[in-house]
Amino acid sequence: MIQFQATSFNSRESFEISSYCRNLYIVNNTLEYENFIHLIELFSYLSLRRPYKVRKTSAQPADIECWNAYSLHLIMMVNQFYKQLKLVFMNLLKYCVAFLTLLVFTFPAQAQQGRSVIQEPFLNYDTGQSTEYRSASGAPGEDYWQNSADYKLDVTLHPDQHMVESTVEIQYTNNSPQDLEYLWIQMDQNLFAKDSWGTKLTPHTGSRFGNRGFDGGLTLNSIQVAHNGNTYTPERDMVDTNMKLEFQKALAADSGEVTVTIDYQFRIPDYGSDRMGRLETENGWIYEVAQWYPRVAVFDDQEGWNVRPYLGAGEFYMDFGTFDYTITAPSEFVVVGSGELLNKEEVLTDQQLQRWNNAQNSDERVYIIRENEVGKKTSRPNPGGSLTWHYKIEQSRDIAWAASKAFIWDAARINLPDGDKSLAMSVYPVESAGDSAWGRSTEYVKGSVEYYSNKWHKYPYPTAINVAGTVGGMEYPAIMFCSWKATGAGLWGVTDHEFGHIWFPMIVGSNEREYAWMDEGLNTFMNGYSTMNFNNGEYGGHRISIRGITNWMMSPAHEPIMTHPDQIQQDNLGYVAYFKPAVGLRILRETVIGPELFDEAFREYIDRWAYKHPTHNDFFNTIEDVTGRELDWFWRGWFEKTWNLDQAVDSVHYVENDTTQGALVSISNNRKMVMPVIMKVTLADGSTQMVELPVHVWHRGDQWTAKLETEQRVTRIQLDPNRELPDVNPANNIWTASENPMQDAGTSSN
C-alpha cells in the first residue's frame, strides 16, 4: 500500500490506493509513463479544481522538492485535459438526455422503471437466525424443549357464598438445559384484588377488561413443595399477579421434577373482566369459572421466565399438560368443564345417560335436559345432596368450567377426519332458548369444529361445549363462554370465533400476553372462510371487507399489529389484534401467494407447532419456507409499520403514437406500503384483459411503465378491480380515455 497526501490552502485529503488494484507505483522516485492514465483517474477522484501539491509519504526515501515540481507540471497538464474532457462530457450528456426522453415514448420495451430510490419496504427484515432450538426455516430445532405441568385439582363450589374452595397439586418437569432456582406461579385471579395493578389501571370510566370495583383475589391457606424427598414450605415473593417460590435446592435441568401443592379459595366476581363471572337468571345463578387456580408460568428459550402480569387486556401463556379435576356442587347443579366427563353414571339420571349416548350417534340435536325439566328434582340424582363431577383432559394448557341449576342441555355428534368422533354440547338458561337463539348453538359448534378439523387440523378433545352466561365471548380448551343474549348471526359469529381458538392458541400455544394477533388475528382470518362455508353461506355476508379498515388505517389511531395487547389503546384492540392481521393473511392467501400454496404453509405451521410455543418469527419463517416467497416487504409493511397503500394510474400513451403497436401504462405507488399490481384493461371493442404485476415492480422506485400488447385503443384502466387490496385512495385507481385518442396521454386519473 502507498499513501499519498494531497494538500491545498484550505483542504487536506488522505487516501490509500492498493498497488495491485490501481497499478499505480513508484520506481526509483520516477512515475512510470504507462500509468499516466491512472493518475488522471486519481486526480479526477480528487476533483482537480485548485492547485495541489502532491507529496510522497511512503517509507521509501525520495527527493520531495523534485517530486513536487514534477507533480505541479503534471497537474497543469491534467487540468487542461480535464477542462476539455468536461466540455465533451457535457455535450454528450445533452444528447443522452434527448435520446432517453425519446426512448420513453417510442421504444417498444415491455416495461420501464421509474425514478431510482432505495425502497425501505424491501430492506432485509430480521426474522431470527437458526439455533439448536428453532430453525430459520420456522420449524422447531433439533434440540427444541419446553417444560410441562400436570395438575390435579379438588374443587368445591359454595353457591351460597359465590365461593370456590380448592386444592391444586402441580407436577412440574424442567426439560430446559438450565437448573431452576425458583418457580414463578401465575395468580391471575388476583387481578380482582382491590390493590392489583390491573385494578389501578382500570379507567374511571370503566373498561371491558378491567376490574369494576370487585374486591377479591386468591386467599392462600397453605403452600408445600415436595422435591428430592423433602417437603417444605417455600419462601415466597408476590409481584402483583405473580408469585415466586424459592427452592431449597435447584430443580435440575433435563427432566428434574418437583411437586407443588396449594390450598386456596376465592369469591367469584359478578363481572370478571369479560372472561369469567356469574349471571343471575330466572332459575338460578350461572357460574363461569376461569383464571381460577395457581398455575406455573412458562419458562422458555426466548425470555426465560415469562412474568408479564395479568393486567386485563393481555391474555395467557401456559405450558401443556394433563388436568385431572373434580368439582363438588349441590346436586341440582349441572357442571360442565374442559375434557371428558369420567363419571357420567354418577351425575346423570338413567334417562339423561341414554340421551347422552343417543347424541353421540346423532347429527341432529338431542336434549339431555329439556326446558320443561329445568329445576325439577326428578331431573337430577341425589336431590338435596351434592354430586362430584370428575373431568380429565390431556395435552391442554388450561381448564375452565361452568355450573348452574338453570341449564337446558343439548348435544350432537361431531364427525372428525379418519372416522373419529367428538360431542358438541350447549348449556343455556330458558331466557336464551329458541331456534333463533341458543337452540341452534350445538348446530353452530358442530359446523365450526367440523370445518376447521377438515380444513386445518383435527380437533383433539372428546367434547366441545358452549356455555351461555355473562361473558360476551371467551375461549378455553374444549369449552367456550358466550353471551346469553346472542342470537342468529351474532351467536354464530361468537361461537365460531371462540371455537376457532382451539387451533390458536389451544393447539398452537403462542404467547397471547405478548402478541395478541398470533391467536386473535389468525383465528379471525380462519373465521371468514368458516362463515362462508357454514350452511351454504347462511351468514356469508358478514365477512370482513378488506377496504373496511382503510379509514382507521389513515387515522391517527392506527397502531402496529406488533403492539403488546396491554399497550393497545382501548378502542383499537379489535383493529390491531383481530381485523388488520386477518385482512393481511387474506391478502397473502388470495392475492400474493395463492390459496393452495398458502393453505399448505398454514397447515404446516399448525403441524410443526402443535402443543409447542412458536414465536412470530416462527410463523413468518414457516410461511416463507413452504411457499418459497420472500415476504420481508409484507411483514415490515403490514405487521411492524403503520404504512398505507395508494396505487395510481398516471397516464396511458401509445408506442409511436400508434394504437396498433401497444399501449404504455404508467402507474405509481404513492405511499410507503407496496403490493402487487392487479390491472383490469378495457379495450375499444368492450373486451377486457387482466394484467398482474409482481410486487417487485417497486424494487427500485415508485413508478413503473408497462407495455400492453394490444392493437386497440385502451378506453379504461382500473387497478385492484376486485377490491383485494387496502388502497386508501381508490379514486386514482381508475383512468378513462378522452374522446380524442390523441389526447389520451394527457388524461388524468379519475
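Residues numbered from 1 in each chain as written. Predicted model: local features only at pLDDT ≥ 70, side-chain atom pairs only at ≥ 80, totals over all residues. Heavy atoms only, no water.

Q: Looking at this model, I keep getting lost on the overall build of the chain. Mind explaining?
A: Within the chain, the secondary structure is distributed over 15 helices and 38 strands. Taking as baseline every contact in the chain between residues at least 6 positions apart, the subset at least 24 positions apart corresponds to 71%. (Helix = DSSP H or I, 4+ residues; strand = E, 2+ residues; numbered from the N terminus. Contact = heavy atoms within 4.5 Å.)

Q: Even after reading the chapter, I still don't get the layout of surface pockets, so can you show me in this structure?
A: Summary: where empty space remains is shown by rolling a probe the size of a single water molecule over the atoms. The calculated volume of the largest pocket comes to roughly 410 Å³. Lining the largest pocket are 18 residues, with Ser-207, Ala-313, Asp-566, Ile-568 and Gln-570 sitting closest to its centre. (1 Å grid on protein atoms, 1.4 Å probe; cavity = no way out; pocket = protein on both sides within 12 Å on 5 of 7 lines; lining within 4 Å. Points joined across faces, edges and corners; volume = space filled by probe spheres on them.)

Q: Looking at this structure, I do not really get the pattern of salt bridges. What am I missing?
A: Opposite charge on two side chains permits them to pair, given that their charged atoms come into close proximity. The tally for this structure, following the rule as stated, stands at 27 salt bridges. For the salt bridge of Arg-413 with Asp-363, the shortest nitrogen-to-oxygen distance reads 2.9 Å. Of this pair, Arg-413 sits in strand β27 (residues 408–415) while Asp-363 sits in the loop between α6 (350–359) and β24 (366–369), and the two are 50 residues apart along the sequence. With a shortest N-O distance of 2.7 Å, Arg-608 and Asp-625 are connected by a salt bridge. Residue Arg-608 is located in helix α13 (residues 595–609), and its partner Asp-625 is located in helix α14 (residues 616–627); the two are separated by 17 residues in the primary sequence. Shared partners join several salt bridges into a network, and the residues in it are Asp-188, Arg-295, Asp-398 and Arg-513. (Salt bridge = Lys/Arg side-chain N within 4 Å of Asp/Glu carboxyl O.)

Q: I would appreciate a short explanation of the environment of Asn-283 in the present structure.
A: By the secondary structure assignment, Asn-283 is in the loop between β16 (276–281) and β17 (284–289). Exposure remark for Asn-283: the relative accessible area of 26% places this residue in the partly exposed category. Those residues in contact with Asn-283 that lie beyond four places of it in its chain are Val-374, Lys-405, Ala-406 and Val-430. (Buried < 20%, exposed > 50% of the residue type's maximum accessible area, 1.4 Å probe, protein only.)

Q: Any chance you could explain the pairing of strand β26 (residues 401–404) here in plain terms?
A: Every other side chain in a regular strand lies on the same face of the sheet, so the side chains alternate between the two faces. Here β26 shows a buried face lined by Trp-401 and Ala-403 and a second buried face lined by Ala-402 and Ser-404. Looking at chain direction, β17 and β26 are connected through four bridges and run antiparallel. Bridge assignment links Val-289 to a residue of β26, and that residue is Trp-401. As defined by bridge partners, strand β22 (residues 334–337) adjoins β26 across four bridges and the pair is classed as antiparallel. Opposite Val-336, over in β26, you have Ala-402 as the bridge partner. (Pairing = 2+ DSSP bridges.)

Q: Just to check I follow, could you spell out the sheet that holds strand β10 (residues 219–227) for this structure?
A: Neighbouring strands of a sheet are bound in pairs by backbone hydrogen bonds; such pairs are parallel or else antiparallel. Here eight strands make up an open sheet; going across it, the order is β11-β10-β14-β8-β7-β21-β25-β23 and the pairing mixed. A single partner strand is all that each edge strand has here, and the edge strands are β11 (230–232) and β23 (340–341).

Q: Looking at this structure, how should I read the nonpolar core?
A: Nonpolar side chains in soluble globular proteins generally cluster together in the buried interior. In this structure, Leu-153, Trp-409 and Trp-638 are the most contacted members of the largest nonpolar core, which totals 198 residues. Here this core takes eleven residues from helix α12 (residues 573–593), the largest share from any one element. Apart from the residues within four sequence positions on either side, Leu-153 is in contact with Ser-166, Thr-167, Val-168, Tyr-264, Trp-292, Tyr-293, Phe-323, Asp-324, Tyr-325, Thr-326 and Ile-399. (Core = buried A, V, L, I, M, F, W, Y, C linked by side-chain atoms within 4.5 Å.)

Q: What's the story with unusual backbone geometry in this structure? I'm lost.
A: If a residue is not glycine, its phi is most likely negative; likewise, a peptide bond is most likely trans. The omega angle of the peptide bond from Phe-504 to Pro-505 is 15°, so this bond is cis rather than trans. Relative to the elements of secondary structure, Pro-505 occurs in helix α9 (residues 502–507). A positive phi is found at Asp-418, a non-glycine position, where the angle reads about 65°. For Ala-478, which is not glycine, the phi torsion reads 70° and is therefore positive. As for its position among the elements, Ala-478 is in the loop between β30 (473–476) and β31 (479–483).

Q: Would you take a moment to explain the packing of aromatic side chains for this structure?
A: Aromatic ring pairs are reported here in terms of the distance separating the ring centres and the angle at which the planes meet. What the rule picks out here adds up to 49 aromatic pairs. Ring geometry for Phe-525 versus Tyr-529: centroids 5.3 Å apart, planes at 75°, classification edge-to-face. Of this pair, Phe-525 and Tyr-529 both sit in helix α10 (residues 517–533), separated by four residues, roughly a single helical turn. (Phe/Tyr/Trp six-rings, centres within 6.5 Å; stacked < 30°, edge-to-face > 60°.)

Q: What am I meant to see in α6 here?
A: Because each turn of an α-helix spans 3.6 residues, side chains separated by three or four positions in sequence point in the same direction. Within α6, the full set of buried residues consists of Gln-352, Leu-353, Arg-355, Trp-356 and Ala-359. On an axial view of α6, the arc spanned by its buried residues comes to 160°, and they lie on one face. Those residues of α6 hidden inside the fold are in contact with β23, α5 (344–347), β24, β27 and β28 (421–428). (Arc of directions from axis to C-beta.)

Q: Would you take a moment to explain the environment of Trp-635 for this structure?
A: Within the secondary structure, Trp-635 is located in helix α15 (residues 632–640). For Trp-635, a relative accessible area of 0% puts it in the buried group. Considered as a pair, Trp-635 and Gly-584 are 51 residues apart in the sequence and their alpha carbons are 9.4 Å apart. Each residue touching Trp-635, except ones within four places of it in the same chain, is listed here: Tyr-125, Thr-127, Leu-588, Phe-620, Ile-623, Glu-624 and Glu-640. At a separation of 3.0 Å, a polar atom in the side chain of Trp-635 contacts the side chain of Glu-624. (Polar contact = N/O pair within 3.5 Å; in protein donor to acceptor, adjacent residues only side chain to side chain.)

Q: It is not clear to me how the sheet that holds β17 should be interpreted in this structure. Could you clarify?
A: Ordered by their spatial adjacency, five strands build an open sheet running β15-β16-β17-β26-β22, and the pairing between neighbours is antiparallel. Edge positions in the sheet fall to β15 (271–272) and β22, since each has one partner strand and no second. Across five bridges, β16 lies against β17 in antiparallel orientation. Bridging across to β17, Arg-278 finds its partner in Tyr-287.

Q: Explanation requested: the packing of helix α7 (residues 441–455) against helix α8 (residues 488–500) in the structure shown.
A: Two numbers describe a pair of packed helices, the interaxial angle and the distance between the axes. Contact geometry of α7 with α8 gives a least axis separation of 9 Å together with a crossing angle of 40°. With respect to α8, the axis of α7 lies oblique. For the pair α7 and α8, the sense of crossing is right-handed. Contact residues: Ser-441, Tyr-444, Val-445, Ser-448, Val-449 and Tyr-452 in α7; Gly-488, Leu-491, Trp-492, Thr-495, Asp-496, Phe-499 and Gly-500 in α8. Among the residues making up the contact of α7 with α8, the classes are represented as seven nonpolar, five polar and one charged. (Axes fitted to C-alpha atoms, helices over the stretch in contact; angles between N-to-C directions. Parallel < 35°, antiparallel > 145°, perpendicular 65-115°, else oblique. Left-handed = near helix turned anticlockwise from the far one by under 90°. Nonpolar A, V, L, I, M, F, W, Y, C, P; charged D, E, K, R; others polar.)

Q: What is the right way to look at the packing of α12 against α15 in this model?
A: It is the contact of α12 with α15, at a shortest axis distance of 10 Å, that shows an interaxial angle of 155°. The angle between α12 and α15 places the two elements in the roughly antiparallel class. Two packed elements cross with a definite hand, and for α12 against α15 that hand is right-handed. Along the contact surface, α12 presents Lys-580, Pro-581, Val-583, Gly-584, Ile-587, Leu-588 and Val-592, while α15 presents Trp-633, Phe-634, Trp-635, Trp-638 and Phe-639. Residue composition of the contact of α12 with α15, grouped by class: ten nonpolar, one polar and one charged.

Q: Just checking my understanding: could you explain empty space enclosed by the protein for this structure?
A: Tallying each qualifying case throughout the model produces six cavities of 30 Å³ or more. Of the voids in this model, the largest cavity is the one considered here, and its volume is about 100 Å³. In this structure, the largest cavity is lined by Thr-524, Phe-525, Gly-528, Tyr-529, Arg-543, Ile-544, Ala-582, Val-583 and Arg-586. When residues of the lining of the largest cavity are traced back to their parent elements, those giving at least two are α10 and α12. At four residues, α10 tops the list of elements feeding residues into the lining of the largest cavity. Looking at the lining of the largest cavity residue by residue, the class counts come to five nonpolar, two polar and two charged.

Q: Would you explain the confidence of the model for the chain in this entry?
A: The predicted coordinates of low-pLDDT regions are not to be read in fine detail. Predicted confidence across the chain gives a mean pLDDT of 87, with 83% of residues reaching 70 or more. Taken together, the stretch residues 1–78 has pLDDT below 50 and engages in 107 contacts with residues farther than four places along the chain or on a different chain. The low-confidence segment residues 745–750, where pLDDT is below 50, has 18 contacts with residues more than four positions distant or belonging to other chains. (pLDDT = per-residue confidence, 0-100.)

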